[in-house]
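Spelled out from the first residue to the last, the chains are:
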Amino acid sequence: MKKNVWDREYSTQFKEEMLFLKNNGIPYNWVSKDEKTGIDTWKYKKTVELFSALARFYENVYYK
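Remember, predicted model here, so these are calculated numbers, not experimental data.

Asks: Would you take a moment to explain the side chain of T12 for this structure?
Replies: Topologically, T12 is positioned in strand 1 (residues 9-12). Looking at T12, its side chain comes within polar contact range of the side chain of E17, at 2.8 Å. In this structure, T12 is in contact with E17, D40, T41, W42 and Y44, ignoring residues within four places of it in sequence.

Asks: How should I be thinking about the packing of aromatic side chains in this particular structure?
Replies: The relative placement of two aromatic rings is captured by the distance of their centres and the angle of their planes. This model, assessed by the stated rule, comprises 6 aromatic pairs. Seen in terms of ring centroids, F20 and F57 are 5.1 Å apart; in terms of plane orientation they differ by 50°. Their pairing is tilted. Residue F20 is found in helix 1 (residues 15-23), and its partner F57 is found in helix 2 (residues 48-62); the two are separated by 37 residues along the sequence. Across this residue pair, the class does not change: F20 and F57 are buried. Ring geometry for Y28 and Y44: centres 6.5 Å apart, planes at 90°, overall edge-to-face. Taken together, the positions of Y28 in the loop between helix 1 and strand 2 (30-33) and Y44 in strand 3 (residues 40-45) put the pair 16 residues apart, joining distant regions of the chain.

Asks: Would you mind showing me how to read the sheet that holds strand 1 here?
Replies: Strand pairing in a sheet is mediated by backbone hydrogen bonds. Such pairs are either parallel or antiparallel. If you trace the 3 strands from one edge of the open sheet to the other, you get 1-3-2, paired in antiparallel fashion. At either margin of the open sheet sits one strand with a lone partner, and together these are strand 1 and strand 2. With direction set aside, neighbouring strand axes in the sheet form an average angle of 25°. Note that strand 2 and strand 3 share 4 bridges and pair antiparallel. Across the sheet, the residue bridging to V31 is W42, located in strand 3. Relative to the sheet, helix 1 contacts strand 1 and strand 3, its axis offset from that of strand 3 by approximately 40°.

Asks: Got a minute to help me understand the side chain of T41 in this structure?
Replies: Mapped onto the fold, T41 is located in strand 3. Accessibility expressed as a relative area gives 16% for T41, which makes it buried. Looking at T41, its side chain comes within polar contact range of the side chain of Q13, at 3.0 Å. Not counting the four nearest positions on each side in its chain, T41 is found in contact with S11, T12, Q13, W30, V31 and S32.

What counts, and where the lines are drawn
- Residues numbered from 1 in each chain as written.
- Predicted model: local features only at pLDDT ≥ 70, side-chain atom pairs only at ≥ 80, totals over all residues.
- Heavy atoms only, no water.
- Helix = DSSP H or I, 4+ residues; strand = E, 2+ residues; numbered from the N terminus.
- Polar contact = N/O pair within 3.5 Å; in protein donor to acceptor, adjacent residues only side chain to side chain.
- Contact = heavy atoms within 4.5 Å.
- Phe/Tyr/Trp six-rings, centres within 6.5 Å; stacked < 30°, edge-to-face > 60°.
- Buried < 20%, exposed > 50% of the residue type's maximum accessible area, 1.4 Å probe, protein only.
- Pairing = 2+ DSSP bridges.
- Axes fitted to C-alpha atoms, helices over the stretch in contact; angles between N-to-C directions.

Any functional reading would require information that these geometric values do not contain.
Listed below in structure tokens is the structure:
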């Protein structure tokens, strides 16, 4: 039986999302780059502040 593995960090590959979070005082914990594709993945500690900022991003910035 395969166990579910939960990621303790929030990750995104969406640069606009990372920049919005950075501009709102939420720094990423670390970033990795996929060697084959060159795509960056930013990882964040899951906090109330993070998810509140993400809600503002998707409500007010991204979907306007």
